[in-house]
There are 4 protein chains.
Amino acid sequence: MAHVLGQNQYGKAENRIVHVRRGSARHEIKDLNVSVSLSGAFEDVHLHGSNADCLPTDTVKNTVFAFAKQYGIDSAEDFGILLARHFVDDTERGVVHRARVRIEEYAWERIPAADGGEGTGHSFVRSGQETRTAEIGYDGASVRVISGLRDLVVLNSTGSEFRGYLKDRYTTLQEARDRILATQVTARWRYGHTGRDDDSAPHWDHCYARVKRQLLEAFAGTYSHSLQQTLHAMGTHVLDHSAEVDEIRLELPNKHHFLVDLEPFGLHNDDEVYYAADRMYGLIEGTVHREGVVPVIPVT
Amino acid sequence: MAHVLGQNQYGKAENRIVHVRRGSARHEIKDLNVSVSLSGAFEDVHLHGSNADCLPTDTVKNTVFAFAKQYGIDSAEDFGILLARHFVDDTERGVVHRARVRIEEYAWERIPAADGGEGTGHSFVRSGQETRTAEIGYDGASVRVISGLRDLVVLNSTGSEFRGYLKDRYTTLQEARDRILATQVTARWRYGHTGRDDDSAPHWDHCYARVKRQLLEAFAGTYSHSLQQTLHAMGTHVLDHSAEVDEIRLELPNKHHFLVDLEPFGLHNDDEVYYAADRMYGLIEGTVHREGVVPVIPVT
Amino acid sequence: MAHVLGQNQYGKAENRIVHVRRGSARHEIKDLNVSVSLSGAFEDVHLHGSNADCLPTDTVKNTVFAFAKQYGIDSAEDFGILLARHFVDDTERGVVHRARVRIEEYAWERIPAADGGEGTGHSFVRSGQETRTAEIGYDGASVRVISGLRDLVVLNSTGSEFRGYLKDRYTTLQEARDRILATQVTARWRYGHTGRDDDSAPHWDHCYARVKRQLLEAFAGTYSHSLQQTLHAMGTHVLDHSAEVDEIRLELPNKHHFLVDLEPFGLHNDDEVYYAADRMYGLIEGTVHREGVVPVIPVT
Amino acid sequence: MAHVLGQNQYGKAENRIVHVRRGSARHEIKDLNVSVSLSGAFEDVHLHGSNADCLPTDTVKNTVFAFAKQYGIDSAEDFGILLARHFVDDTERGVVHRARVRIEEYAWERIPAADGGEGTGHSFVRSGQETRTAEIGYDGASVRVISGLRDLVVLNSTGSEFRGYLKDRYTTLQEARDRILATQVTARWRYGHTGRDDDSAPHWDHCYARVKRQLLEAFAGTYSHSLQQTLHAMGTHVLDHSAEVDEIRLELPNKHHFLVDLEPFGLHNDDEVYYAADRMYGLIEGTVHREGVVPVIPVT
């Protein structure tokens, strides 16, 4: 019986590009990891070993580097949109129907001068806090932009409880009236922007900084009855104050901090000494979206 | 404007369980990493901080360990099905509508005796080759079983070419008539089994061993015009010879091995000396499925 | 023929302790990863399976957590000194002759309020830049403190050349008059402090902040003829301006940024577009110490 | 006050080389990760930015690849010795006084044919069990060869106890009469071979296979009163039966497997269900050497 080739895609992953803008003595750098996936009319490549419609992944890589020269990198999102449009619109014979560009961005800060002044203008230290992400999709008609971040680690040392939960035969957990709540935030949010007609793009870097700040604010500002509730508050806070965003999805591992039992040593642990556990961990995931919008950020 | 809580799920991730069957002097071990995600009627938890319908992730963890005692672990798939059914069917008030259980399994071999004989019966060395994976879904009606593996690294030192491809302005790649083809296989295949009525389950461990062998056979046995073609051959070979499997998806990074230019040193590299590159890398992904079947393995 | 038990040590590694100081509404947290190794009179444990002189690693772990309660954690170094002294001085029958305590510290910043104000006093975000390290040794007489950091990634986008080097049959490298210089700093510096008599300890946290700043300053401020020269300038700068430090060792991988050849596409790369390579990489290591001091930081 | 340049070294790290021997239809591959460090008369490079005595790390890399062509790769140790001798003996003006070559080797197995027969002769699957290591030192007079392995994970499901240990105020551990003993072996052993005069080299690959087997045998065959005792038994067993080896050092993290308390669920855990913990972990390290030999494998 015949088999069918289903969804398939290919491209060059993890193109590590650093772009330096040297216009003045004060350089600007962008440090990206760019992964491109193309899908389209590639049956012949898969089924018959004919590569006539196969743009090599090496060419994909070359294009990423050449585009950085030709167009600069205003933001990860702008750069990804340029690339996605190119592969679909410009590849010969229209063999590419959809392009997906995923980008990670690593932030750098300037090294200040010894006297706290401005420094050299060309010296940087990697900030290391979170990794910024962007995923751009383009199908020949409209773009879809999902921005995000990962590895943003946050902790509230009070203001969190977990009580009143469902109990069954296997429940042994004691209720907690005051606990540490810590998580490593992965967030992805989709912009309403489609790139059609007169739909002008938001300022991606400003939006990013604002959404990150809103996530931190909501985490810090929410008295938590559960990590689920905190997740929902974070998502809602972004939608409330970032009009460009239609949908946001959060993945929040519960980084458990267990109070250490010091009674065997004649000591009382007055919420001071915790053991930070690696595994197992609770994992809370969820999407919050505007009414009337069809959520599309995929579940992982 | 009101916002909507979309897809959400929660559970305990990465429960690292080792089960020892000690019936005889010849012990058997199963070494699993079990992650459970539950979705259902959790609006109150997210929106109102009410945990009355929230089964704690700590209880989820306890259940995983208790079930290992109560039912043993015949295979990752069997164990995952038991757990998924339990959370949906047995949780009070029917708050859990769907359960997803993801399992990684690490294989162990017996340490042989010094004389090559049978050894102690309780001494093991981890095989380390690939990690076996399983994902079980259950929605109260039927189960869905997606088994797989990752980190299976394979290499053909000849029998691979890449020529006749599409060229554009950014193409510089030279055609290759004989190259090393190497990849790190991630495979996921979905069984036709649904757990309904008299649909008896396959022998999961036998199926796993067979599919792994078929993937290796097809990789070794295919003269390759592209990694896409090799992917398709691998998927087709499994569907041809594993009747239980309806659909298979492969993710194949092209682990590039570049021939080193030794001419500057007065040496000719006669396909002997290669540089194994890390990044960038081609990434080829695709699904092959039986005709008439709706493919469901998600794109990552 | 008899064999001899040589250097041996044991302990509990990677005790992940988080300490919260709650004295006021403004909490303080310390987040450490503490590893303890003990050496001494443990021949009977190794040779005869007698554990009478073996303090369990579980007890070592308990001690770490109990000490955090009993003494607080002023700094990683202070805490390590307390622990090292305890294991050698207090363990029964004097079986522990030497203790080594290694600590990693993860820095946290406060989440500011929405209006830029002070925030909750109990909400933190992990800074993520570098990991601080400390290694304390104690042999019953004096302490040795080696502090350090790792994963501090820095980059100069100009002000670096590499020319005039030794050439042999295998040399193909082109001289560089202007290149990106980037590295991921691992630094370890030893303090003169020995903990004997009236040798009062430096303020460890202040010293750490100062040395880190000096490393950044020297990296930014040095016109570089080689990464070796930059390494030497960084070490010298610390010794010049941190009187407490007797010796410093740096490990500097050369994170190569290669200029991409864009000529095949009719483009000229005017020092704008770089490819950041993973492997291979140059690795430069070296110690700088004060005259008359015997350097002891081990080569790795 | 003047500062002194202490120990320093540099080179190219992580040269990822794959060598294919194609003499017949049955190819042979060697897959290595080679890191070279050179030390010598490099004061001018560090202090004065003069590179006249600096062989570029790029040349070091070229040499690694060229040597694979010129001499083949009989074994990691043979290849490392050739390289170390070259850098010291052949570099102009004798600027290199000492060379250290570290090699990791990844093992590959052949993919068998579908009928269990011999397969293609050019198709391989990475074995993935342990990583083989070698460190070669050469100072112009003699070589020092330290071979080893890491990430060899072993487990005894019985035959291990831990009792009769030292107890102090912080001891809470319960004695164990029957526990799982599991560890991830890192081993390094030094050969007596010096490369001087008529000191003929051992067959490195045979020795490696034999020592690995002996480590496994001793782990499986030892009734354990402590991991220290098992370590000593493993070291002694190698020295007893591998005459070429003068010294061996083992690093054995205690991969704790904790029996899960199932009593709250009305279940009795009869040594069946364990939780495999990540951190904290005991860490046991030690050297065993022949009498009269000065041990030199460094403590890490």
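Not measured: the values here are computed from a predicted model. (Residues numbered from 1 in each chain as written. Chains lettered and ligands numbered in written order. Predicted model: local features only at pLDDT ≥ 70, side-chain atom pairs only at ≥ 80, totals over all residues.)

### A short note on the overall build of chain A
Thinking step 1. When helices and strands are counted, chain A shows 5 helices and 13 strands.
Thinking step 2. Once the C-alpha set of chain A is aligned to its principal axes, its extents read approximately 75 × 70 × 40 Å.
Thinking step 3. For chain A, restricting intrachain contacts to residue pairs at least 6 apart in sequence, the fraction spanning at least 24 positions comes to 63%. (Helix = DSSP H or I, 4+ residues; strand = E, 2+ residues; numbered from the N terminus. Contact = placed C-beta atoms within 7 Å.)

### As for the relation of the copies chain C and chain B
Thinking step 1. After a rotation of 180 degrees and a shift along the axis of 0.0 Å, chain C superposes on chain B with an RMSD of 0.0 Å. Those values place the two copies in the arrangement expected of a two-fold rotation axis. If distances are taken from each C-alpha of chain C to the rotation axis, the shortest is found for Asp278 of chain C, at 3.5 Å.
Thinking step 2. Same-surface contact between copies: 100% of interface residues of chain C are shared with the interface of chain B. (Least-squares fit on C-alpha atoms with pLDDT ≥ 70 in both.)

### Here's the deal with the interface of chain C and chain B
Thinking step 1. Residue-level contacts link 7 residues of chain C with 7 residues of chain B.
Thinking step 2. Class assignment for the residues of the side of chain C that touches chain B results in 3 nonpolar, 1 polar and 3 charged. (Nonpolar A, V, L, I, M, F, W, Y, C, P; charged D, E, K, R; others polar.)

### Brief notes about the domain arrangement of chain A
One frequent convention defines the size of an interface as the accessible area lost when the parts assemble.
All names here are of chain A.
Thinking step 1. What the domain assignment lists for chain A is domain 1 (9-141) and domain 2 (149-300).
Thinking step 2. Taken residue by residue, the interface counts 9 residues in domain 1 and 8 residues in domain 2.
Thinking step 3. The set of elements that each furnish at least two residues to the side of domain 1 that touches domain 2 consists of helix H3 (76-90) and strand E7 (131-138). (Domains from an automatic or database assignment.)

### Quick look at the pairing of strand E7 (residues 131-138) of chain D
All names here are of chain D.
Thinking step 1. The buried fraction of E7 is high, at 6 of 8 residues.
Thinking step 2. Strand direction decides the pairing type here: strand E4 (residues 96-105) and E7, joined by 7 bridges, are antiparallel. Along E7, the bridge assignment pairs Ile103 with Ala134.
Thinking step 3. Between E7 and the antiparallel strand that follows it, strand E8 (residues 143-156), lie 4 residues; Gly140 among them carries a positive phi value of about 95 degrees. (Buried ≥ 20, exposed ≤ 12 C-beta atoms within 10 Å, placed from the backbone. Pairing = 2+ DSSP bridges.)

### A closer look at helix H5 (residues 227-241) of chain A
Thinking step 1. The terminal C-alpha atoms of H5 of chain A lie 21 Å apart, and with 15 residues this matches the ideal 21 Å at 1.5 Å per residue to within 8%.
Thinking step 2. Within H5 of chain A, 12 of the 15 residues are buried, leaving the element largely enclosed by the surrounding structure.
Thinking step 3. Among all positions in H5 of chain A, only Leu227, Gln228, Gln229, Thr230, Leu231, His232, Ala233, Met234, Gly235, His237, Val238 and Leu239 of chain A are buried.
Thinking step 4. Where the residues of H5 of chain A are buried, they touch strand E9 (181-191), helix H4 (204-221), strand E10 (245-254) and strand E13 (281-290) of chain A together with strand E1 (3-13) and helix H1 (43-48) of chain B. (Expected span 1.5 Å × (residues − 1).)

### Examining the interface of chain A and chain B
Thinking step 1. Counting residues at the interface gives 70 residues for chain A and 70 residues for chain B.
Thinking step 2. If you list the elements that add at least two residues to the side of chain A that touches chain B, you get strand E1 (3-13), strand E2 (15-21), helix H1 (43-48), helix H2 (57-71), H5 and E13 of chain A.
Thinking step 3. The dominant element in the side of chain A that touches chain B, judged by the number of residues it contributes, is E1 of chain A, at 11 residues.
Thinking step 4. By residue class, the composition of the side of chain A that touches chain B is 30 nonpolar, 27 polar and 13 charged.
Thinking step 5. With 9 bridges joining them, E1 of chain A and strand E13 (residues 281-290) of chain B adopt antiparallel strand pairing. Bridging from a neighbouring strand, Tyr10 of chain A pairs with Ile284 of chain B of E13 of chain B.

### Description of the environment of Gln184 of chain C
Residues and elements named next belong to chain C.
Thinking step 1. Positionally, Gln184 belongs in strand E9 (residues 181-191).
Thinking step 2. In this structure, the C-alpha to C-alpha distance between Gln184 and Asn254, residues 70 residues apart in sequence, is 7.8 Å.
Thinking step 3. If we skip the residues at most four places from it in the chain, Gln184 touches Asp151, Val153, Pro253 and Lys255.

### Some remarks on the relation of the copies chain A and chain B
Thinking step 1. Between chain A and chain B, the superposition needs a rotation of 180 degrees and an axial shift of 0.0 Å, giving an RMSD of 0.0 Å.
Thinking step 2. By residue overlap, the copies meet face to face through one surface: 100% of the interface positions of chain A are interface positions in chain B.

### What to know about unusual backbone geometry
Thinking step 1. Cis geometry marks the peptide bond from Arg279 of chain C to Met280 of chain C; its omega dihedral reads -20 degrees.
Thinking step 2. Residue placement: Met280 of chain C occurs in the loop between strand E12 (273-276) and strand E13 (281-290).
Thinking step 3. Here Asp271 of chain B, not a glycine, exhibits a phi torsion of approximately 55 degrees, which is positive.
Thinking step 4. Structurally, the position occupied by Asp271 of chain B is in the loop between strand E11 (257-259) and strand E12 (273-276).
Thinking step 5. Note on Asp271 of chain B: 14 C-beta atoms within 10 Å, which makes it partly exposed.

### What to know about the packing of H2 of chain A against H3 of chain A
A pair of packed helices is captured by two measures, namely the crossing angle of their axes and the spacing between those axes.
All names here are of chain A.
Thinking step 1. At a closest axis distance of 11 Å, the pairing of H2 and H3 adopts a crossing angle of 120 degrees. As far as their axial angle goes, H3 and H2 are oblique. Taken as a pair, H2 and H3 cross one another with a handedness that is right-handed. Packed against H2, whose contacting residues are Thr63, Val64, Phe67 and Tyr71, the element H3 presents Leu82, Leu83 and His86 at the interface. (Axes fitted to C-alpha atoms, helices over the stretch in contact; angles between N-to-C directions. Parallel < 35°, antiparallel > 145°, perpendicular 65-115°, else oblique. Left-handed = near helix turned anticlockwise from the far one by under 90°.)

### Some details on the nonpolar core
Thinking step 1. Core analysis: the biggest nonpolar cluster contains 349 residues, and Ala84 and Val154 of chain A, Ala84 and Val154 of chain B, Ala84 of chain C together with Ala84 and Val154 of chain D have the highest contact counts within it.
Thinking step 2. If we ignore the near neighbours within four places in the chain, the residues touching Ala84 of chain D are Ala99, Val101, Ile136, Gly137, Tyr138 and Val143 of chain D. (Core = buried A, V, L, I, M, F, W, Y, C linked by C-beta atoms within 7 Å.)

### Points about the packing of helix H4 (residues 204-221) of chain B against helix H5 (residues 227-241) of chain B
All names here are of chain B.
Thinking step 1. Axis separation between H4 and H5 bottoms out at 9 Å; the angle between their running directions is 140 degrees. By the criterion of interaxial angle, the relationship of H4 to H5 is oblique. As H4 packs across H5, the resulting crossing turns out to be right-handed. From H4, Val211, Gln214, Leu215, Glu217, Ala218 and Phe219 reach across to H5, where they touch Thr230, Ala233, Met234, His237, Val238 and His241.
Thinking step 2. Looking at the contact of H4 with H5, its residues break down into 7 nonpolar, 4 polar and 1 charged.

### Thoughts on the environment of Phe79 of chain B
Thinking step 1. Within the secondary structure, Phe79 of chain B sits in helix H3 (residues 76-90).
Thinking step 2. Along the chain, Phe79 of chain B and Ala218 of chain B lie 139 residues apart, while their C-alpha atoms are 30 Å from each other.

### A word on the confidence of the model for chain A
Thinking step 1. Per-residue confidence for chain A gives a mean pLDDT of 97; residues scoring 70 or more make up 100%.
Thinking step 2. Confidence metrics for the complex model read pTM 0.97 and ipTM 0.96. (pLDDT = per-residue confidence, 0-100.)

### Structural notes on the environment of Asn254 of chain A
Thinking step 1. Considering the arrangement of structural elements, one finds Asn254 of chain A in strand E10.
Thinking step 2. Excluding residues that lie within four positions of it along the chain, Asn254 of chain A makes contacts with Thr183, Leu227, Tyr281, Gly282 and Ile284 of chain A.

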